[in-house]
Amino acid sequence: MIEIAQLEKHYQVQGRQISALRNINLDIAQGEVFGIIGRSGAGKSTLLRALNLLERPTSGKVVFEGEDITQFNTQQLQELRQRIGMVFQHFNLLSAKTVAQNIEFPLKLTGKYTAQQRASRVAELLDLVGLQEHAAKYPAQLSGGQKQRVGIARALANYPHLLLCDEATSALDPETTQAILRLLLDINQKLGLTIVLITHEMQVIRSICDRVAVIDGGEIVETGNVVEVFLHPRHAVTQSLVAENQALDLSLLQELSQRGQGSSLSYLLRLTYVGSATHEPILSRIASQTKAEITILQGVIARIKNTPYGQLIVELLGEENEIDAVLKLLGQADIRVDVLNHLLTNSAAHSQTQAQEK
Ligand SMILES: Nc1ncnc2c1ncn2[C@@H]1O[C@H](COP(=O)(O)OP(=O)(O)OP(=O)(O)O)[C@@H](O)[C@H]1O
Ligand SMILES: [Mg+2]
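Summarised in this report is the structure supplied together with it. This is a predicted model, so every value here is computed, not measured. (Residues numbered from 1 in each chain as written. Chains lettered and ligands numbered in written order. Predicted model: local features only at pLDDT ≥ 70, side-chain atom pairs only at ≥ 80, totals over all residues. Heavy atoms only, no water.)

### What to know about the overall build of the chain
What the chain contains, in helices and strands, is 13 helices and 14 strands. In the chain, which comprises 358 residues, the share counted as buried stands at 49%. Total accessible area on the chain is roughly 17200 Å²; 48% of this is exposed by carbon and sulfur atoms. (Helix = DSSP H or I, 4+ residues; strand = E, 2+ residues; numbered from the N terminus. Buried < 20%, exposed > 50% of the residue type's maximum accessible area, 1.4 Å probe, protein only. Areas by Shrake-Rupley, 256 points an atom, 1.4 Å probe, with all protein chains shown as cover.)

### Considering the environment of Asn 225
By secondary structure assignment, the location of Asn 225 is in strand S10 (residues 219-225). The exposure class of Asn 225 is partly exposed, given its relative accessible area of 47%. Sequence separation between Asn 225 and Phe 34 is 191 residues, and the spatial gap between their C-alpha atoms is 9.4 Å. Not counting residues within four places of it along the chain, the set of residues in contact with Asn 225 comprises Asp 210 and Arg 211. (Contact = heavy atoms within 4.5 Å.)

### Observations regarding the sheet that holds strand S12 (residues 293-304)
Strands sit in the order S12-S13-S11-S14 across an open sheet of 4 strands; the sheet is antiparallel. Of all strands in the sheet, those bounded by a partner on one side alone are S12 and strand S14 (336-339). Shown here is a sheet whose adjacent strand axes are inclined to one another by a mean of 20°, direction ignored. Pairing of strand S11 (residues 265-274) with S14, which is carried by 4 bridges, proceeds in the antiparallel orientation. The residue bridging Thr 272 from the neighbouring strand is Arg 336, located in S14. (Pairing = 2+ DSSP bridges. Axes fitted to C-alpha atoms, helices over the stretch in contact; angles between N-to-C directions.)

### Here's the deal with the site of ligand 1
All residues in the neighbourhood of ligand 1 are listed as Tyr 11, Val 13, Ala 20, Arg 39, Ser 40, Gly 41, Ala 42, Gly 43, Lys 44, Ser 45 and Thr 46. The contact in question runs from an oxygen atom of ligand 1 to an N or O atom on the backbone of Ala 42, over 3.2 Å. One of the side-chain N or O atoms of Thr 46 is found 2.5 Å from an oxygen atom in ligand 1. Here ligand 1 has 640 Å² of accessible area as a free molecule, and 60% of this is covered by the chains. (Near = heavy atom within 4 Å. Polar contact = N/O pair within 3.5 Å; in protein donor to acceptor, adjacent residues only side chain to side chain.)

### Digging into helix H6 (residues 174-191)
Over its 18 residues, H6 extends 25 Å from the first C-alpha to the last, a length consistent with the 26 Å expected when each residue adds 1.5 Å. The complete set of buried residues in H6 reads Thr 177, Ile 180, Leu 181, Leu 183, Leu 184, Leu 185, Ile 187 and Asn 188. Between a side-chain oxygen at the N-terminus of H6 and the backbone nitrogen of Glu 175 the separation is 3.1 Å; the capping residue is Asp 173. Looking one or two residues beyond H6, the residue adopting positive phi is Gly 192, at roughly 65°. (Expected span 1.5 Å × (residues − 1).)

### Examining the pattern of salt bridges
For the coordinates displayed, the defined rule picks out 12 salt bridges. Its salt-bridge partner being Asp 210, residue Lys 305 comes within 2.6 Å of it at the nearest N-O pair. With Lys 305 in the loop between S12 and strand S13 (307-318) and Asp 210 in the loop between helix H7 (202-208) and strand S9 (211-216), this residue pair connects regions lying 95 residues apart in the sequence. For Arg 270, the salt bridge is made with Asp 338, and the minimal N-O distance between the two is 3.5 Å. Pair noted here: Arg 270 is in strand S11 and Asp 338 is in strand S14, with a separation of 68 residues, a long-range link. By relative accessible area, which is 17% here, Arg 270 ends up buried. Each of Lys 9, Arg 49 and Glu 55 takes part in one network of salt bridges that share partners. (Salt bridge = Lys/Arg side-chain N within 4 Å of Asp/Glu carboxyl O.)

### Regarding the sheet that holds strand S5 (residues 67-68)
Strand order in the open sheet made by the 4 strands is S2-S1-S4-S5, with antiparallel pairing throughout. Of all the strands in the sheet, just strand S2 (16-28) and S5 have a single pairing partner and so form its edges.

Purely spatial values, then, with no claim about function.
Right, here's the structure in full:
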């Protein structure tokens, strides 16, 4: 549905050039929820605003529903923006208008509908976002979550094919964030609407996105299915965003880890089970087949959108041949194993392990 090819955006600030976006290539499919995540200043907003040409790229193509929209004239762009709805972090509601009037506003702008048609569309939208009882209120009388529901209804007024969300939940508390994310997912499923959202929170990506692109310093550094990227992040920025979300307490892990003594070795492992394997007692079966000692330091069972997964941080203590046997058994089971020994610094056993690895 959207194809971005070799997109670049440079700004001139006081004679100096700032590259906000470099060599961006992305394909976004019809009906998917696509997330773009990155730190502050990474270029998220610039990229999102290039999708409806609120921001004109310096070079490159943005193909939307088969047409290169970077070639559009002003009138074509106006029509385009009816096909692309946008939701903002700070809602951007008109404070002098009621909820119903805010939602009606984009319908009026097109000049396509009678007052009666507008009223019935507004009623439909109020129903969709659950604000029937608040139609006559003004924005100042609403909570943040309710304001964002108005923002979403307004963005959907003209039956867009694509919804762009710029940090739509960043101004909301965690509970309200989840409610708004559920609403967006509901709309995606009910209407088959494609959603592109940007965020700096992995939690948002994890809750509703199918695929994700990680942006850093104006470049896409990683992209893939959310399950794959979340469980096996490759790029350092992705790894740190995921670690924050998992609240992996490294100093606590170091404290809990016993480290190898004498001839025994210590391995810190992250075991990841996806889907139905989550429910199988694989680890206890393996533990019963070995003399090596397996200690669970941290564990989580959670869900990425619809996929359940489990992740355990374990310490494996034993002789080299025992450790090898366990690693082999884990490899045969449907478990992904990551060795995290590099996280355990300042340990004698650790340097011993490293020496063994060399
Ligand atoms: N109009 C502008 N003029 C000059 N530089 C700009 C302009 N807009 C953005 N930039 C620069 O482009 C880079 C990317 O900005 P952008 O707003 O896209 O980041 P972001 O990822 O959305 O950040 P945040 O999470 O803080 O919103 C930044 O270095 C920013 O300073
Ligand atoms: Mg931004």
